[in-house]
Amino acid sequence: MDSRPIGIFDSGAGGLTVLHECLVTLPHEDFVYLGDGERCPYGPREAEEIRRFALELASYLERSGVKLVVAACNTAAAAALPYLQERLEVPVVAVLAPEAHAAVQATRNRRVGVLATEATIESGRYADVIHTLDAGVEVVSVACPKLVPLIEAGGPNDELLAAVREYAEPLRDAQVDTVVLGCTHYPLVRPVFERVFGRGTTLVFSADETAREVAETLHRKGVGNDSARHGETTFLTTGSPAEFAALGERFLQLPVAGARRVALDELAFEAA
Ligand code: DGL
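Residue numbers restart at each chain and count upward from 1, following the sequence in its written direction. Per-residue local features of the predicted model are confined to residues with pLDDT of at least 70, and side-chain atom pairs are confined, for both listing and counting, to 80 or more; whole-chain, interface and lining totals are unaffected and use all residues. Calculated side-chain values reflect all of the structure's heavy atoms, with hydrogen atoms and water omitted.

1. Regarding the overall build of the chain
We count it as follows: Helix and strand definitions follow DSSP, with helices as H or I runs of at least four residues and strands as E runs of at least two, each counted in order from the N terminus. Radius of gyration here is computed from C-alpha atoms only, and the compact-globule reference equals 2.2 Å multiplied by the residue count raised to the power 0.38. Think of it in three bands: with a 1.4 Å probe and only protein chains considered, a residue is buried below 20% of the maximum accessible area for its type, exposed above 50%, and partly exposed in between. Contact between two residues is taken to exist if any of their heavy atoms lie within 4.5 Å; hydrogens are not considered.
Within the chain one finds 12 helices and 10 strands. The C-alpha atoms of the chain give a radius of gyration of 18 Å, which matches the 19 Å a tight globule of 272 residues would have. Across its three principal directions, the C-alpha atoms of the chain cover 50 × 40 × 40 Å. When the 272 residues of the chain are sorted by exposure, 56% land in the buried category. Look at the contacts in the chain between residues 6 or more apart in sequence, and 77% of them connect residues 24 or more apart.

Shown next, in the form of structure tokens:
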């Protein structure tokens with residue numbers, strides 16, 4: 001048994017969708033969530049900068065005493081996962097591979113669509129992981145630069161719906177039967193994607209698949225907490241605690257009261 005908390009980070013509020021799924025699966029664990037609201041979005045940034053930010057967040061969590069770090073940001077995972085795993089002592093579980101795996105299992109016509117940020121699509125990581133599992137799957141990737149800023153700005157509205165429809169079109173034309181929503185912000189507006197794609201398309205969300213991966217990792221390593229207890233979550237953000245709380249509470253009915261602001265220079269010092 002290991003009573004230390006699990007650390008989760010994201011560029012902003014998107015990783016709360018992974019936290020939510022982890023809370024459903026592992027209600028007895030403690031969590032520390034760190035969002036980089038001040039520097040969100042990561043999607044338009046260069047890979048090297050994203051790597052530096054991801055290392056700052058992950059090492060801050062490691063130094064705060066977590067037993068495992070969850071990279072709950074596809075953009076950070078695509079740019080930085082091996083780099084984080086080499087530098088951290090604690091295990092790092094990340095989004096991206098779990099949902100690529102689920103998509104390969106789910107597709108019947110072996111045509112898979114991927115919607116994600118520009119940096120994630122440019123990295124080519126989804127196609128790489130999918131092709132490692134099944135080299136015969138056709139992958140159609142679409143970068144969605146409008147979505148994270150629209151979601152962080154407050155969620156569903158006509159502009160968001162128009163953007164989702166625009167990004168869905170090339171996937172329809174390619175007749176994919178499975179779509180990976182490769183950004184942890186997207187489940188915050190899950191019903192919009194469900195309505196745009198309809199019942200005929202299987203949607204794969206990073207949050208669900210990653211929570212499963214976290215639970216299995218704790219179980220196999222034998223580092224779970226006492227299953228009879230109720231866990232607690234601490235919220236940290238580099239941005240505005242009030243805005244962060246509003247997103248969490250609005251989309252997930254997650255009480256985010258008491259989020260503490262972490263200054264960027266505290267992170268930079270930790271990574272030095
Ligand atoms: N939630 C992040 C992801 O999963 C959002 C990226 C961003 O900040 O642009 O990719």
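2. Some points on the site of the ligand
The following threshold applies: It suffices for a single heavy atom of a residue to lie within 4 Å of a molecule or strand for the residue to be listed as near it. Contacts described as polar in this section are N or O atom pairs within 3.5 Å, which, within protein, must combine one atom able to donate a hydrogen with one able to accept it, while residues neighboring in sequence count only if both atoms come from side chains. Note on areas: Shrake-Rupley, 1.4 Å probe, and residue coverage restricted to the protein chains presented here. Basically, the charged four are Asp, Glu, Lys and Arg, the nonpolar ten are Ala, Val, Leu, Ile, Met, Phe, Trp, Tyr, Cys and Pro, and anything else, Gly included, counts as polar.
Taken together, 14 residues are adjacent to the ligand, and Ser11, Tyr42, Thr75, Thr184 and His185 come closest. Between the ligand and the protein, one listed contact pairs a nitrogen atom with a side-chain N or O atom of Asp10 at 2.9 Å. Measuring from an oxygen atom of the ligand, one finds a backbone N or O atom of Asn74 at 2.8 Å. In isolation the ligand has 300 Å² of accessible area, and contact with the protein removes 99% of it. Considered class by class, the residues forming the shell around the ligand number six nonpolar, seven polar and one charged.

3. Quick word on the side chain of Thr237
Position of Thr237 relative to the elements: it lies in strand β9 (residues 233-237). For Thr237, a relative accessible area of 1% translates into the label buried. Reaching out from Thr237, the side chain makes a polar contact with the backbone oxygen of Gly35 at a distance of 3.4 Å. A polar contact of 3.0 Å, which involves the side chain of Thr237, links it to the backbone nitrogen of Gly239. With near-sequence residues (within four places) excluded, Thr237 lies in contact with Leu34, Gly35, Gly37, Phe244, Arg260, Arg261 and Val262.

4. Overview of unusual backbone geometry
The peptide bond linking Cys40 to Pro41 adopts the cis configuration, its omega dihedral lying at 5°. With respect to the helices and strands, Pro41 occurs in the loop between β2 (31-35) and α2 (47-63). Look at Arg110: it is not a glycine, yet its phi comes out positive at around 60°. Note on placement: Arg110 falls in the loop between α4 (97-106) and β5 (111-116).

5. What to know about the sheet that holds strand β10 (residues 260-261)
Convention followed: For two strands to be treated as a pair, DSSP must find no fewer than two bridges joining them. The axes used here are C-alpha line fits, helices contributing only the stretch in contact, and every angle between their N-to-C directions lies in the interval 0 to 180 degrees.
Read across the sheet, six strands follow the order β4-β3-β1-β2-β9-β10 without closing on themselves; strand pairing throughout is parallel. In this open sheet, the two edge strands, each paired with only one partner strand, are β4 (92-94) and β10. Contacts from helix α11 (residues 241-252) reach β2, β9 and β10 within the one sheet, and its direction differs from that of β9 by about 130°.

6. Thoughts on the nonpolar core
In plain terms, the rule: Put simply, a nonpolar core is a bunch of buried Ala, Val, Leu, Ile, Met, Phe, Trp, Tyr and Cys residues held in one set by side-chain atoms that sit within 4.5 Å of each other.
Counting residues in each nonpolar core, the largest one holds 102 residues, and the members touching the most others are Phe9, Leu115, Tyr186 and Phe193. With sequence-adjacent residues up to four places away left out, Phe9 is seen in contact with Leu34, Ala54, Leu57, Ala58, Leu61, Val69, Val70, Ala71, Ala72, Cys73, Ala76 and Leu84.

7. Points about the state of the cysteines
So the rule is basically this: When two cysteine sulfur atoms lie within 2.5 Å, the pair is treated as a disulfide.
Tallied over the entire structure, the rule returns zero disulfides. You can see Cys22 has no disulfide; the closest cysteine sulfur is in Cys73, sitting 15 Å from it. For Cys22, a relative accessible area of 0% puts it in the buried group. Of all cysteine sulfurs, the one in Cys73 lies closest to Cys183, which takes part in no disulfide; the gap is 6.8 Å.

8. Some points on the packing of aromatic side chains
Just so we agree on the cut-off: Two rings from Phe, Tyr or Trp (for Trp, the six-membered ring) form a pair when their centres are within 6.5 Å of each other. A pair whose planes differ by under 30 degrees is stacked, one over 60 is edge-to-face, and the rest are tilted.
Within the structure shown, the criterion is met by five aromatic pairs. Where Tyr33 meets Phe235, the ring centres are 6.5 Å apart and the plane angle is 50°; that geometry is what we call tilted. Of this pair, Tyr33 sits in strand β2 while Phe235 is found in strand β9, placing the two residues 202 residues apart along the sequence. Note on accessibility: Tyr33 and Phe235 belong to one class, buried.

9. Some thoughts on the pattern of salt bridges
Short version of the rule: We count a salt bridge whenever a side-chain nitrogen from Lys or Arg sits within 4 Å of a carboxyl oxygen from Asp or Glu.
By the definition in use, this model includes 17 salt bridges. Asp30 serves as the salt-bridge partner of Arg229, at 3.0 Å between the closest nitrogen and oxygen. You can see Arg229 sitting in the loop between α10 (206-221) and β9 and its partner Asp30 sitting in the loop between α1 (16-25) and β2, a full 199 residues away along the chain. Judged by relative accessible area, Asp30 falls into the buried class, the value being 16%.

10. A look at the sheet that holds β5
Strands sit in the order β6-β5-β7-β8 across an open sheet of four strands; the sheet is parallel. Each having just a single partner strand, β6 (138-143) and β8 (202-205) make up the two edges of the open sheet. The sheet shows a mean angle of 20° between the axes of neighbouring strands, taken without regard to direction. Across six bridges, β5 lies against β6 in parallel orientation. In the sheet register, Val112 faces β6, and the bridge partner there is Val139. Of the strands in this sheet, β5, β7 (178-181) and β8 are in contact with α4, which crosses β8 at around 160°. Contacting β5, β6 and β7, helix α8 (residues 158-173) runs over the sheet at an angle of about 165° to β6.

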